[in-house]
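Each chain is listed here by its residues.
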Amino acid sequence: MSTLTPPRIDDERRPDDQPAATTREPIFRRRGSGDFSKPTLGGLIGRYALLLLVLVLVIGPFLWQLSTSFKGPQENIYSFPPNLIPREPTLQNYATVAEIVPVYLYAWHSLLVSVGTVVSNVVLATFAGYALGCMRFRGKWIVMAILLSTLLFPGEVTVTSNFLTIRALGLADTLWGVFLPGAISAMNVLLVATACRMIPKDVLDAATVDGATTWQRIRHIVWPNIRGMVSVVAIFAFIGAWDDYLWPLIVLSDPAKYTLTVGMAYLNSSFSVDPRLIAAGTMIALVPIVIMFSFTQRFFFKGVQEGAIKG
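Because the structure is predicted, anything quoted here is derived from the model rather than measured.

Draft legend 1. A look at the overall build of the protein chain. Along the backbone of the protein chain there are 12 helices and zero strands. Along the protein chain, from the amino end to the carboxyl end, the secondary structure elements read α-α-α-α-α-α-α-α-α-α-α-α. Counting every position in the protein chain, which comprises 311 residues, the buried fraction comes to 33%. In the protein chain, the proportion of contacts linking residues at least 24 apart, taken out of those at least 6 apart, comes to 68%.

Draft legend 2. Molecular detail of the packing of helix H7 (residues 186–197) against helix H9 (residues 214–243). Axis separation between H7 and H9 bottoms out at 9 Å; the angle between their running directions is 150°. The angle between H7 and H9 places the two elements in the roughly antiparallel class. Judged by the sense of rotation from one axis to the other, the crossing of H7 with H9 is right-handed. Every residue of H9 that contacts H7 at Asn188, Leu191, Val192, Ala195 and Cys196 is listed here: Val222, Ile226, Met229, Val230 and Val233. Taken together, the residues of the contact of H7 with H9 sort by class into nine nonpolar, one polar and no charged.

Draft legend 3. Representation of the packing of aromatic side chains within the structure. Counted according to the given criterion, the structure contains four aromatic pairs. Arranged with centres 6.0 Å apart and planes meeting at 50°, the rings of Tyr106 and Tyr258 form a pair that is tilted. Of this pair, Tyr106 sits in helix H3 (residues 103–134) while Tyr258 is found in the loop between helix H10 (246–251) and helix H11 (260–270), placing the two residues 152 residues apart along the sequence. A relative accessible area of 6% means that Tyr106 is categorised as buried. Ring plane angle 75° and centroid distance 5.9 Å describe the contact between Trp176 and Phe179, whose orientation is recorded as edge-to-face. Linking Trp176 with Phe179, this pair stays in helix H6 (residues 175–179), spanning three residues, or about one helical turn. Look at Trp176 and you get exposed, because its relative accessible area is 60%. Look at Phe179 and you get buried, because its relative accessible area is 15%.

Draft legend 4. Structural detail: the layout of surface pockets. Of the volumes computed, that of the largest pocket is approximately 1,100 Å³. Around the largest pocket, the lining is made up of 33 residues, and of these Gly155, Pro181, Gly182, Ile184 and Ser185 lie nearest the centre. When residues of the lining of the largest pocket are traced back to their parent elements, those giving at least two are H3, helix H5 (159–168), H6, H7, H9 and H10. When its residues are assigned to classes, the lining of the largest pocket shows 20 nonpolar, 11 polar and two charged.

Draft legend 5. Examining the nonpolar core more closely. Val192, Cys196, Val222, Ile226, Trp242 and Leu260 are the most contacted members of the largest nonpolar core, which has 57 residues in total. Looking at which element gives the most residues to this core, the answer is H9, with 12 residues. Discounting residues that sit within four places of it in the chain, Trp242 has contacts with Ala107, Ser110, Leu111, Ser114, Leu260, Thr261, Ala285, Pro288 and Ile289.

Draft legend 6. Molecular detail of the side chain of Thr126. The topology assignment puts Thr126 in helix H3. Apart from the residues within four sequence positions on either side, Thr126 is in contact with Asn121, Val192, Ile218, Trp223, Ile226 and Val230.

Draft legend 7. Just helix H2 (residues 92–100), in detail. Among the residues of H2, those classed as buried are Asn93, Tyr94, Thr96 and Val97. For H2, the buried positions fall inside an angular range of 160° around the axis, keeping them on one side.

Draft legend 8. Structural context of the environment of Phe179. In the structure, Phe179 is positioned 69 residues away from Pro248 in sequence and 9.0 Å away in space, judged by C-alpha atoms. For Phe179, the residues in contact, after removing those within four places along its chain, are Val113, Gly116, Thr117 and Ser120.

Draft legend 9. Expanded view of the confidence of the model for the protein chain. This prediction gives the protein chain a mean pLDDT of 79; 81% of its residues lie at or above 70. Of all the helices and strands in the protein chain, H11 carries the lowest mean pLDDT, 73, while H6 carries the highest, 92. A low-confidence stretch, residues 307–311 (pLDDT under 50), is modelled with 11 contacts involving residues beyond four sequence positions or located in other chains.

Draft legend 10. Representation of the UniProt feature "transmembrane region" (unreviewed entry) in the protein chain within the structure. Sites flagged by UniProt as "transmembrane region" (unreviewed entry) map to residues 48–66, 106–130, 142–164, 176–200, 221–242 and 277–295. Secondary structure within residues 48–66 divides into 100% helix and 0% strand; the distance between the first and last C-alpha atoms comes to 26 Å. End C-alpha to end C-alpha, residues 176–200 measures 39 Å, and it is 64% helix and 0% strand.

What counts and how
- Residues numbered from 1 in each chain as written.
- Predicted model: local features only at pLDDT ≥ 70, side-chain atom pairs only at ≥ 80, totals over all residues.
- Heavy atoms only, no water.
- Helix = DSSP H or I, 4+ residues; strand = E, 2+ residues; numbered from the N terminus.
- Buried < 20%, exposed > 50% of the residue type's maximum accessible area, 1.4 Å probe, protein only.
- Contact = heavy atoms within 4.5 Å.
- Axes fitted to C-alpha atoms, helices over the stretch in contact; angles between N-to-C directions.
- Parallel < 35°, antiparallel > 145°, perpendicular 65-115°, else oblique.
- Left-handed = near helix turned anticlockwise from the far one by under 90°.
- Nonpolar A, V, L, I, M, F, W, Y, C, P; charged D, E, K, R; others polar.
- Phe/Tyr/Trp six-rings, centres within 6.5 Å; stacked < 30°, edge-to-face > 60°.
- 1 Å grid on protein atoms, 1.4 Å probe; cavity = no way out; pocket = protein on both sides within 12 Å on 5 of 7 lines; lining within 4 Å.
- Points joined across faces, edges and corners; volume = space filled by probe spheres on them.
- Core = buried A, V, L, I, M, F, W, Y, C linked by side-chain atoms within 4.5 Å.
- Arc of directions from axis to C-beta.
- pLDDT = per-residue confidence, 0-100.
- UniProt positions renumbered as here; feature names shortened; annotations may be inferred.

Right under this line is the structure:
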């Protein structure tokens, strides 16, 4: 009985079958080239030089403060060129700040206010932005005009009215009083409303015809397309609440309830003769912001550009 032998497969490719090596195009425009979308070699070098200068101006003070916070009392912090690597690094500056001033308690208060501000802004701005961007109702443009008009006034204009309201509610000298005025921002609502307006109405109408509720439309259609903008709102809300100084200073009178920004003012007045302790307190204040941004940076840079409708 004859057996069928499978055809032999030759795994070796002939030289003609090999894919042609792709030539890597230069990132700058060569002389005589008509591709004006790329910079010349001199322009490319200038861009990188300018970028390096901006990097030094932005990162330099931070690195100097970080280095100063780890330097001992015998080390010169004003040497030139600056020595960014301490010869004898120590954590005593951080320990001294924690012993004299309850900086970690102040940081905890700021963290509570900031996290509450992020949650309230994300939830309320999402719902309000959906209503303004996707729903049809009478007086919609009047609401938009009122929100836009609030952006014309600086925050200091409403400080007195906000303080009278908080005191009438019995929330003066409490963290609730610090949190409440920043629970929602008109700018955040307008940002989310703009993102919601980019969603095709045909998709939302089709979901309504299929029997989807408002919550289902927000969860399955709206949220996947606006979470990039919501991440921007969350970052700005956190940084704004964490760095706020004027409003906590007005509302809080008990030093045991201070936020970190108000406590940092006490650090500057108490330790003005020792920049090492001030640098240590500054680093403590910067840690939560760095952690917050490190976890949300991919949404911050990429999520805003998401335009596709996701299921």
